[in-house]
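Summary of the model geometry
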Amino acid sequence: MDDIDSAIVRELQRDARQTNRDLARRLNIAPSTCLERVRALRARGVITGYRATVDLRALNRPVQALLTVRIRPMNREVIERFKAFLTSLPEVLSVYVVAGGDDFLVHVAVPDVDRLHALLMDQVFKRREVVDCRSSVIYQHVANDIIEALPPSGS
C-alpha cells in the first residue's frame, strides 16, 4: 500500500458514506483514479466491507461483558461447534479463539445483569464442553475508529 491507498483507507474509515467525488477532492486526486484505487483495495481484501456503527443502548443492550471460556476436549471439531453455537446467540457481538489459559474470549451486550446471568446459566454453562467461564462487566468501551497500517517488523 502506498500513501494514496493509506489515505483512502483512512478517509473511508472516517466516513464510508462520502461520495467518490468528495473522497477524490479530499485526497487531491482524480475521481477516476480514486474509484480505481478503491476497487483495487476491495479486490485485494484490504477493504472488506462497509457498515453502520450503532448505539448499543438504543438497541436495549446497555450492559456489555467479556466472557472467558475454557472448553474440553480441545480439538478442532469441538472448537468449531462451540464457535458456531456462540455466534448463533443474539447477545454475542464478537467471538475470539485465543491462546493461553482460556480458549475463547466472547464480547456480549445485554439489557441488564439478569440477562447476562441467564445467558451464562441457561446457555453457556449448559454446554457439556464448557469447563470454565468467567465474566467481566465492561464499564467503558473505547475503540480506535481509524486503523493505520504498521511498518513491517524490524523497520
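Residues numbered from 1 in each chain as written. Predicted model: local features only at pLDDT ≥ 70, side-chain atom pairs only at ≥ 80, totals over all residues. Heavy atoms only, no water.

**What to know about the packing of helix 1 (residues 3–14) against helix 3 (residues 31–43)**
- Two elements in contact, helix 1 and helix 3, have axes separated by 10 Å at closest approach and are oriented at 80°. Here helix 3 runs roughly perpendicular to helix 1, going by the angle between their axes. Taken together, the residues of helix 3 that come into contact with helix 1 (itself represented by Ile4, Asp5, Ile8, Val9 and Leu12) are Cys34, Arg37, Val38 and Leu41. (Axes fitted to C-alpha atoms, helices over the stretch in contact; angles between N-to-C directions. Helix = DSSP H or I, 4+ residues; strand = E, 2+ residues; numbered from the N terminus. Parallel < 35°, antiparallel > 145°, perpendicular 65-115°, else oblique. Contact = heavy atoms within 4.5 Å.)

**Comments concerning helix 2 (residues 20–27)**
- Turning to helix 2, its buried residues number three or more, namely Leu23, Ala24 and Leu27. Burial along helix 2 is one-sided: seen end-on, the buried residues are contained in an arc of 100°. Away from its buried face, by an angle of more than 90 degrees, helix 2 presents the exposed residues Arg21 and Arg25.
- Where helix 2 is buried, its residues touch helix 1 and helix 3.
- Phi turns positive one or two residues past the end of helix 2, at asparagine 28, with a value near 60°. (Buried < 20%, exposed > 50% of the residue type's maximum accessible area, 1.4 Å probe, protein only. Arc of directions from axis to C-beta.)

**Focus on the side chain of glutamine 18**
- Positionally, glutamine 18 belongs in the loop between helix 1 and helix 2.
- The exposure class of glutamine 18 is buried, given its relative accessible area of 11%.
- Within polar-contact distance, the side chain of glutamine 18 engages the backbone oxygen of aspartate 15 at 2.9 Å.
- Within the structure, glutamine 18 has its side chain in polar contact with the side chain of arginine 26 (distance 2.7 Å).
- Apart from the residues lying within four places of it in its own chain, the contact partners of glutamine 18 are Glu11, Leu12, Leu23 and Arg26. (Polar contact = N/O pair within 3.5 Å; in protein donor to acceptor, adjacent residues only side chain to side chain.)

**A closer look at the nonpolar core**
- Formed by 22 residues in total, the largest nonpolar core has its most connected members in Leu67, Val69, Ile71, Phe82, Phe104, Val106 and Val108.
- Looking at this core, the elements with two or more residues in it are strand 1 (63–71), helix 4 (76–88), strand 3 (104–110), helix 5 (113–124) and strand 4 (130–138).
- Setting aside residues up to four positions removed in sequence, phenylalanine 104 forms contacts with Leu67, Thr68, Val69, Ile71, Ile79, Phe82, Lys83, Leu86, Val95, Tyr96, Val97 and Val98.
- Counting residues in hydrophobic clusters, the runner-up holds twelve residues, among them Ala24, Val38, Leu41 and Ile47. (Core = buried A, V, L, I, M, F, W, Y, C linked by side-chain atoms within 4.5 Å.)

**Brief notes about a nonpolar patch on the surface**
- A cluster of nonpolar side chains, contributed by Val113, Val137 and Tyr139, occupies part of the molecular surface with about 370 Å² of accessible area.
- Checked against the element boundaries, valine 113 lands in helix 5.
- Given the relative accessible area of 52%, valine 113 is considered exposed. (Patch = residues over 30% accessible without salt bridge, like charges linked within 9 Å, V, L, I, M, F, W, Y side chains within 5 Å. Areas by Shrake-Rupley, 256 points an atom, 1.4 Å probe, with all protein chains shown as cover. Salt bridge = Lys/Arg side-chain N within 4 Å of Asp/Glu carboxyl O.)

**As for the UniProt feature "domain: HTH asnC-type" (unreviewed entry) in the protein**
- Under the UniProt annotation, the feature "domain: HTH asnC-type" (unreviewed entry) is placed at residues 1–62.
- Annotated as 53% helix and 0% strand, the span residues 1–62 places its first and last C-alpha atoms 38 Å apart. (UniProt positions renumbered as here; feature names shortened; annotations may be inferred.)

**Brief notes about the sheet that holds strand 1**
- Overall, antiparallel pairing links the four strands, which are arranged 2-3-1-4 in an open sheet. Since the sheet does not close on itself, it has two edges, and those belong to strand 2 (92–97) and strand 4, each with one partner. The average undirected angle you get between the axes of adjacent strands in this sheet is 20°.
- Bridge count between strand 1 and strand 3: seven bridges; the pairing is antiparallel. Looking at the pairing, leucine 67 lines up with valine 106 of strand 3.
- With respect to the sheet, helix 4 is in contact with strand 1, strand 2, strand 3 and strand 4, its orientation differing from that of strand 2 by roughly 165°.
- On the sheet, helix 5 packs against strand 1, strand 3 and strand 4 and is oriented at approximately 170° with respect to strand 4. (Pairing = 2+ DSSP bridges.)

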